[in-house]
Structures are given as C-alpha cells and as structure tokens.
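# Summary of structural features
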Amino acid sequence: MTVNLTIDNQPVTVPKGTTILNAARSIGIKIPTLCHMEGVVSPGSCRVCLVEVEGARTLLPSCIAQVGEGMIVHVNSKTARTARRTSVELILANHPLDCNNCSRNNNCELQTIASDMGITASRFPRLVQEHPLDLSTSGLTRDMSKCILCRRCVTACQNIQQVGVLAAQKRGFATIIGGGAKANLAETTCVQCGQCAAVCPVGAITEKDAIADVWAALDDPKKHVVVHTAPAIRAALGECFGMPAGSRVTGKMVTALRRLGFDKVFDTNFAADLTIMEEGFELIKRLTDAVRDKKAVALPQFTSCCPGWINFAETFYPKSLPYLSSCKSPMQMEGPLIKTWYAQKAGIDPKDIVVVSVMPCTAKKHEANRPEMVDSGFKDTDYVLTTRELGKMVTAAGIDFVNLPDGRADELAGESTGAADIFANSGGVMEAALRTAYEVITGRELPFPSLHVASIQGLDGIKEAAFKLDGCKPEFSFLEGVTVKVLVAHGLGNAHKVCKKLEAGDLAEYQFVEIMTCPGGCIGGGGQPRMTDDNVRRARIAAIYSEDESRTLRKSHENPEIKRIYAEFLGEPLGHKSHHLLHTTYTPRQ
Ligand code: FES
C-alpha cells in the first residue's frame, strides 16, 4: 500500500510506514540527522531532523514520524530551518568545541551539520560538562565531555551486539552514557568490539590512537618496522579517500605503506592461510579422535580468529572455551613469525623489529596487549592501527592515494590465496577451512560452484550448510558417509543465540562453527571507515569475493610460502613449533 504526500511542494509516493526522512531522501531532499542510524528504530533524541507538517501541532522528528496520505511537509520553511538550527545550537552549547584537538576533526557529523547550517557561534550560554577521559582499555578511548547523548552507541551495544554495557545513566542535564556504577570500560563486560566507536557521530568514543607510536617507530633509524594488513582493509581503505565502498585497493595500499616508510610490507593474508592449515588440521584431529577413536572431544570446533568473540566467550560463556580452536588469530600468527622466522632469514635482531598491524578492529588492540602474546620472546605485535588510523597517516603524509600505482607485498610472509581474502566476510573463514579440509580428506576440490558455499555467505545473522563426505582417502575411511554440518553467525546478538544452543546441547550434529563479532564480519569492523550500513557491507563483501575470484591460487594449502614455512621452519601443522608460536589458551573472566 502506498501513501501520497508533498514535501517542499514536490509530490512523492512511498510505501505506507515510510518515515518522512526516507520519503524526503527518495526525492533528493537531504534532512540532517545525528541520532538516527539506518536499519534501527531511531531514539529521536537529537531533534536535528525536525520538519514542519501542516496541521500538526508541533514540529515532527522526520526520522521517526511516518508519512500520511495527503500530508504537506515543509523541510525548507523558516520554522523548520530555525528549529533544526536551534537543536544544533543547543547541542553545541554543551560541547567542548575543541575541534582542532579532536580525533574526529574534519570527520565529525556535528561539525559538518553545524557548518552546513552556517553556524559559527551558539546563541546559548555554554554549559559544558567535564568528564575524565576513560583510557582504561587497550582498544577504546571514551571522552564523555564530547558526548551529545544521541545514544547510537547504546543501540549498538544493547540492541545489536547485546553486550549490555553502555546505557544512559542519571537524568536531565546530568545524563551520561556509561557502564552503570563502573566508571571505566575496563571494569565492565565490554568486549572492545568498537561498534560504539563505529557509530559515534562525534569524538566521544574512538579507537585508542596508535598513530604517534607508529610515526615514532618509523622515524627511529635503529628500528626495522614491518607492517601487515588484514584481509578486510583492502576493501575499505579507499573510502578514507572518497572512493566508493567496495573499491579494491590492495595494490595502492601496499604502495602507500612503502611510501610511509615501512621497511617491509607483509600481508596478514599469509597468516590467514596459515590459520586455515592449523585450524583445519585441528578440526580433522578432533573428528578423528571422536569418530575413529571414540574419544570424548569438544565438538563442534569454534573458530578463534576474532578477538572480540574471544573476549565475549571468555566473559559470557566460559563453558564454551574448550570448543574454541586453540589457533591464534592471523594477526597473532604473523607477529611471532616475523620476530622469529623472518628475523633469522633477514639477519635482524628481533629486539630491533617493530611489528605494526593494520586491522579493521579495535579489539585487535586489546589482543596485541594480552600478556600471553609474547611467544617470540618479545611482544609479538607492537602496534595495531585501524583502517581509519592508516587513512589518517596516508593523508598526513600527503600521499595521493587514489592515483597511486599498484605495489606487491614483500616475499616470505606476503604471499596469500583467495581463501585468505574471504576471512574478511562472515562465512569466509568457514569456506576457506572447508576448501582445504575437504581436499585433505577426499583428495578432491570442494564440490561447490566456484568453491563458494553459498548458503553461508551474505548478511543473514545465522547461516548453515551441510554436505556428505564420500570418496574419502583410505586414511580417512572412517569419515565415509559422515554428514558435515557447519554453522556461521555474526554480530554478538547472534553469538548469544549460538552459545545458548551449545550450552543446551543443541549443536551436537554440527562439526564446525564460525563466529564473527561484527555485523558482516571484519568488513564491518569497529575500526573501519564510518558509516557502515548494510549497503556498505554488501559492497565490501562483493569486493572481497571478487578479489578471491581474481586469484590463481584460492586454497590455503596451495600457498607456496605456506609450503615453504612448513618445510623450512614449522615442520608440520600442529607440530611442536606451531604449538609454541601459533596456538594459545583462553581464560574465563567471570
Ligand atoms: Fe531525528 Fe535525531 S535524527 S531525532
């Protein structure tokens, strides 16, 4: 059913239930918003989107108010413009206005809206609330002095991730967003996923900035600074420079990193391929123990490459920990290998090597600082930059990113396959693992068109696939006829559902489960360019699969550098050296 109305004298017909905001957008009229987020019900708290509706007794927030038949809406009337301007001026009266010292300078929605409205000063007396900076976690910085109480972070934390940390505390002018009686995030059950930072319109919650540390390392002639970039960066970094979502910028990214001065540019994708080898063989071992040797084994095996998920499992579902693969994440595999294998090959003292990773994620900053992540004898990863931070460094260096020529990652820990690319997407780790595990067990390629397990791709919250093993190699004859069932979930709200099923014993028929903290997987990570909505996620996902399909090698076990590292250094998957450098343990945090 459709509704007819006019907005600024333009007729428009939209489906019943459409908000005035979206009706206006459908005919090219842009109404400013601050608290509104696509895909969720607006809290209607900021009043920046007010419009005048003839016959209505008050101005209406267009992000909430729905269209009505015959409605006459004015966006550009003096009354509506003045009301919106007043809303912004009132917000500015409570804001520090310290833009030059804010990490969101030139990338702040409040600053942009005020500028678009031509506001240079607020008419209202300034009443700024001072709050101490919360620097208690490794991943996030909270500055509640800058908070505009839009509650987007509350929606991300409560409704989407269902972690339940951030909420409005106190009332009226004293209202503050926080973790209840716990003053600092580190005292709460925050998993540092950064989805709050990804949606904050201002500089109230951001990643903990590592840019100064990385510049200091690059400027130190005694340091050999090595960088590696996560699979999801190459499908999003271009957005920092105005390129459309889903632009594939792998080659430009490598060139930019060299121009920034990194001594070696490796690729986390190399370690993603290594993760598949270790995690795939771990799964085969668990299946062998369970099916052939009738041992009591924790199955299904859960993936472990997402640090927000690890924090979540340790905090909320400690009974799930035996089910988690003992594999470290690709980032934490790449780091110790750079400080051991690469250091030996290059003849460099590992104490002089600085490992910088570029990640789509704020929880990675926490992961790098976990006390056990020192298996190389040094801190395995020294600094983690988000995609946004790398974008800022490239801009600061005056590099014309869009027009850069393509470069190639350095040899040794820079070669990768399409299986590693798809780690960036929900369902990708699972598909990559199946590409290798199926071939190891049967000697044949995974029997799906273009190697894709279509039912576990895309943005559905919980997805699954099932297929029968047949024609197994003689050494795996005990798996002949076994139906493999796999489950994939993304977003911690969905992880809750899967973990509750595990606790209830309802996952017994599954062998492997993939969990990613962020909606869409790493392509939607808390450190990616803002704002990430489902259209942006789909564009980045399409870019990642097209990167995969453009490759000659698309299975991790075919990566020549992976073959080389096992032959020269690690020995075999799950071997002694692998266990020391590439595997870890988890700690209940309740
Ligand atoms: Fe509509 Fe905030 S965007 S009330």
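Just so you know, these numbers come straight off a predicted model, no measurement behind them.

What counts as what
Residues numbered from 1 in each chain as written. Predicted model: local features only at pLDDT ≥ 70, side-chain atom pairs only at ≥ 80, totals over all residues. Heavy atoms only, no water. Phe/Tyr/Trp six-rings, centres within 6.5 Å; stacked < 30°, edge-to-face > 60°. Buried < 20%, exposed > 50% of the residue type's maximum accessible area, 1.4 Å probe, protein only. Lys NZ or Arg CZ within 6 Å of the ring centre and 35° of its normal. Helix = DSSP H or I, 4+ residues; strand = E, 2+ residues; numbered from the N terminus. Contact = heavy atoms within 4.5 Å. UniProt positions renumbered as here; feature names shortened; annotations may be inferred. Salt bridge = Lys/Arg side-chain N within 4 Å of Asp/Glu carboxyl O. Pairing = 2+ DSSP bridges. Axes fitted to C-alpha atoms, helices over the stretch in contact; angles between N-to-C directions. Core = buried A, V, L, I, M, F, W, Y, C linked by side-chain atoms within 4.5 Å.

### A word on the packing of aromatic side chains
As enumerated under the stated definition, the model contains ten aromatic pairs in all. Measuring from centroid to centroid gives 5.6 Å for Phe312 and Tyr317, while their planes differ by 45 degrees, and the two rings are tilted. Here the two residues Phe312 and Tyr317 agree in accessibility, since each one is buried. Ring geometry for Phe476 versus Phe478: centroids 6.2 Å apart, planes at 55 degrees, classification tilted. Here Phe476 matches Phe478 in class, with each residue buried. The rings of Phe302, Trp309, Phe312, Phe316 and Tyr317 are connected pair by pair, giving a single aromatic cluster. Seen from the ring of Phe478, Arg292 lies directly overhead, with NZ or CZ sitting 5.6 Å from the centre. A cation over a ring is seen here: Lys577 above Phe569, with NZ or CZ 4.1 Å from the ring centre.

### Quick word on the environment of Gly571
Mapped onto the secondary structure, Gly571 falls in the loop between helix H17 (560–570) and helix H18 (576–582). For Gly571 and Leu149, which are 422 residues apart along the polypeptide, the C-alpha to C-alpha distance reads 55 Å. Contacts of Gly571, omitting those with residues within four sequence positions, involve Ile565 and Tyr566.

### Concerning the UniProt feature "domain: 4Fe-4S His(Cys)3-ligated-type" (unreviewed entry) in the protein
Under the local residue numbering, the UniProt record ascribes the feature "domain: 4Fe-4S His(Cys)3-ligated-type" (unreviewed entry) to residues 79–118. Between the end C-alpha atoms of residues 79–118 there is a gap of 16 Å, over a span that is 57% helix and 0% strand.

### Observations concerning the pattern of salt bridges
Oppositely charged side chains can form a pair if their charged atoms are brought close together. Under the defined criterion, the tally for this structure stands at 40 salt bridges. For Asp421, the salt bridge is made with Arg551, and the minimal N-O distance between the two is 2.9 Å. On the criterion of sequence distance, the pair formed by Asp421 in helix H13 (residues 418–421) and Arg551 in the loop between helix H16 (534–549) and H17 is long-range, its members being 130 residues apart. For Arg551, a relative accessible area of 21% puts it in the partly exposed group. The residue Arg435 makes a salt bridge to Asp548 at a minimum N-O spacing of 2.9 Å. Of this pair, Arg435 sits in helix H14 (residues 428–442) while Asp548 sits in helix H16, and the two are 113 residues apart along the sequence.

### Section: the sheet that holds strand S17 (residues 512–516)
Hydrogen bonds along the backbone pair up the strands of a sheet, which may run parallel or antiparallel. What the four strands build is an open sheet, ordered S12-S17-S16-S15; its pairing is mixed. Only two strands of the sheet have a single partner each, and these edge strands are strand S12 (301–302) and strand S15 (462–468). One ladder, built from five bridges, connects strand S16 (residues 483–490) with S17; its direction is parallel. Bridge pairing in S17 links Val488 to Glu514. Packing against the sheet, helix H15 (residues 492–503) makes contact with S12, S15, S16 and S17, and its axis sits at approximately 140 degrees to S16.

### Considering the pairing of strand S1 (residues 2–7)
Here S1 shows a buried face lined by Val3, Leu5 and Ile7 and an unburied face lined by Thr2, Asn4 and Thr6. What sits between S1 and strand S2 (residues 10–15) in their antiparallel hairpin is a turn of two residues, with Asp8 showing a positive phi close to 50 degrees. When S1 meets strand S5 (residues 71–74), the two strands line up parallel, connected through three bridges. Note that in S5 the partner of Ile7 across the bridge is Val73.

### Observations regarding the nonpolar core
Ranked by size, the top nonpolar core spans 98 residues in total, and within it Leu110, Leu166, Phe302 and Trp309 carry the most contacts. Top contributing element to this core by residue count: H14, with nine residues. Grouped together as the second largest cluster of nonpolar side chains are 36 residues, Ala210, Ala217, Leu237 and Val358 included.

### Here's the deal with the sheet that holds strand S13 (residues 353–359)
Pairing is parallel in the open sheet, where four strands are placed in the order S11-S10-S13-S14. The sheet is open, and its two borders are formed by strand S11 (264–267) and strand S14 (383–386), each paired with just one other strand. On average, each strand axis in the sheet is tilted by 25 degrees relative to the strand beside it, whichever way the strands run. Sheet topology note: the S13/S14 ladder contains four bridges and is parallel. Its bridge partner being in S14, Ser357 is matched across the sheet by Val384. Packed onto the sheet, helix H6 (residues 211–219) meets strand S10 (224–229), S13 and S14 and runs at close to 120 degrees relative to S14.

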